[in-house]
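Chain by chain, the residues run as shown.
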Amino acid sequence: MAGGKFKKEKGSSSSSRAQPYQGGIQFHKSKGQHILKNPLLIDSIVQKSGIKPTDIILEIGPGTGNLTKKLLEAGKSVIAVELDSRMVLELQRRFQGTPFSNRLKIIQGDVLKVELPYFDICVANIPYQISAPLTDKLLKHRPVFRCAVIMFQREFAMRLVAQPGDALYCRLSVNTQLFARVFHLLKVGKNNFRPPPKVESSVVRIEPRKPLPQMNFKEWDGLIRICFNRKNKTIGSIFKQKSVLSVLEKNYKTLQALRLSENGSLEDTEMPVDVPILAEAGEDLSMEVDDGEDEDDEEMEVEDVDQKRSDFKDKVISVLKQGGYEEKRSSKLAQADFMHLLSLFNKAGIHFS
């Protein structure tokens, strides 16, 4: 669902932008401090958030409180998480002695490090440099909140909402949409902020899925990491890479050994939680062959290892052919396709964590 575009305000000179905020507060661009100054934009964000009078609202990076005031008017209470002590003092000064003072709780600290209390809805204009880790933290928050309406840098926002076939469709798109429904609400011009940022912005609505998907996320993310390492190549060419095959074979052998030791057979069992996660791309994934004194024995051993590698490669390719994925590309696959592909690999005893 798309919203309108807020145009840049006219008549703002560079000298006026350089002046500090009332009370002598100077904003720091390096800390992502870009305060919303357009009251119409603030009203629109609050209106599109769908805040109920009974809602406890989480605001991240409230700054001087322009959005905070509107949130307090709309909901039951606001929990504001702010890192800058100067902004904390400004918030306290602004709302002290008002009807809102008892309904505003300020937590001074890094939102990525503090433990977030219960909240119904999150509405925030955040520092853009924390977009990815904050989105991850919110999606993992329990209990699950109703929705989050957040201002992001435009490109990041478009990655969140991207669909198969879109140029910006990526691992972030797939993983976010696994846990939440994501909607683009508003495009926001630079001059709606003081000081103006260098990039365009967008407001996005994130609604966590209920119930949440029941799956091994490490398995899922391991598959998605591989598939989107070269998203425009065919799935077949990606899984034929030696580094990918080596890691998957290592996981396969580890699981086989664990199942033998625990059950005395290779019957299907749940994947042990202590199996090492898929190795990073920079790790040396080459298989070592012990040196032997007999040259002929050494050659036979190498040939045997190569044959085993070839057998495992055939096993992987057969899975791709079974699902019809060998010639397809990650950039065009939907979430259901990746789920199906993961289930086919798991049924074949191939795991990604």
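Residues numbered from 1 in each chain as written. Predicted model: local features only at pLDDT ≥ 70, side-chain atom pairs only at ≥ 80, totals over all residues. Heavy atoms only, no water.

- In the nomenclature of an unreviewed UniProt entry, the chain corresponds to rRNA adenine N(6)-methyltransferase from the organism Daucus carota subsp. sativus.

What about the UniProt feature "binding site: S-adenosyl-L-methionine" (unreviewed entry) in the chain?
1) Next: Residues annotated in UniProt with the feature "binding site: S-adenosyl-L-methionine" (unreviewed entry) correspond here to H34, L36, G61, E82, D110 and N125. The annotated residues named above include L36, G61 and N125 as those lining the largest cavity.
2) Next: You can see G61 is positioned in the loop between strand 3 (56-60) and helix 3 (66-74).
3) Next: When its relative accessible area of 25% is taken as the criterion, G61 is described as partly exposed.
4) Next: The residues touching G61, leaving out its near neighbours within four places in the chain, are V81, E82 and N125.
5) Next: Mapped onto the elements of the fold, E82 is located in strand 4 (residues 77-82).
6) Next: E82 gets classed as buried once you look at its relative accessible area, which sits at 7%.
7) Next: Of the polar contacts made by the side chain of E82, one reaches the backbone nitrogen of G63; its length is 3.1 Å. (UniProt positions renumbered as here; feature names shortened; annotations may be inferred. 1 Å grid on protein atoms, 1.4 Å probe; cavity = no way out; pocket = protein on both sides within 12 Å on 5 of 7 lines; lining within 4 Å. Helix = DSSP H or I, 4+ residues; strand = E, 2+ residues; numbered from the N terminus. Buried < 20%, exposed > 50% of the residue type's maximum accessible area, 1.4 Å probe, protein only. Contact = heavy atoms within 4.5 Å. Polar contact = N/O pair within 3.5 Å; in protein donor to acceptor, adjacent residues only side chain to side chain.)

Focus on the environment of F100
1) Next: Its place among the elements puts F100 in the loop between helix 4 (85-95) and strand 5 (104-108).
2) Next: Residues F100 and K69, 31 residues apart in the sequence, show an inter-C-alpha distance of 8.2 Å.
3) Next: Ignoring anything within four residues of it in the chain, the contact list for F100 reads K69, L72, E73 and F95.

With respect to the packing of aromatic side chains
1) Next: A complete count under the given rule lists 11 aromatic pairs for this structure.
2) Next: On the basis of an interplanar angle of 50 degrees and a centroid distance of 5.0 Å, the ring pair of F152 and F156 is categorised as tilted. When sorted by exposure, F152 lands in the same class as F156, which is buried.
3) Next: Look at Y169 and F228: their rings are 5.7 Å apart centre to centre, the planes differ by 75 degrees, and that puts the pair in the edge-to-face class. Within this pair, whereas Y169 is found in the loop between helix 6 (154-161) and helix 7 (171-179), its partner F228 is found in the loop between helix 8 (217-227) and helix 9 (235-239), the two being separated by 59 residues in sequence. Both residues of the pair, Y169 and F228, count as buried. (Phe/Tyr/Trp six-rings, centres within 6.5 Å; stacked < 30°, edge-to-face > 60°.)

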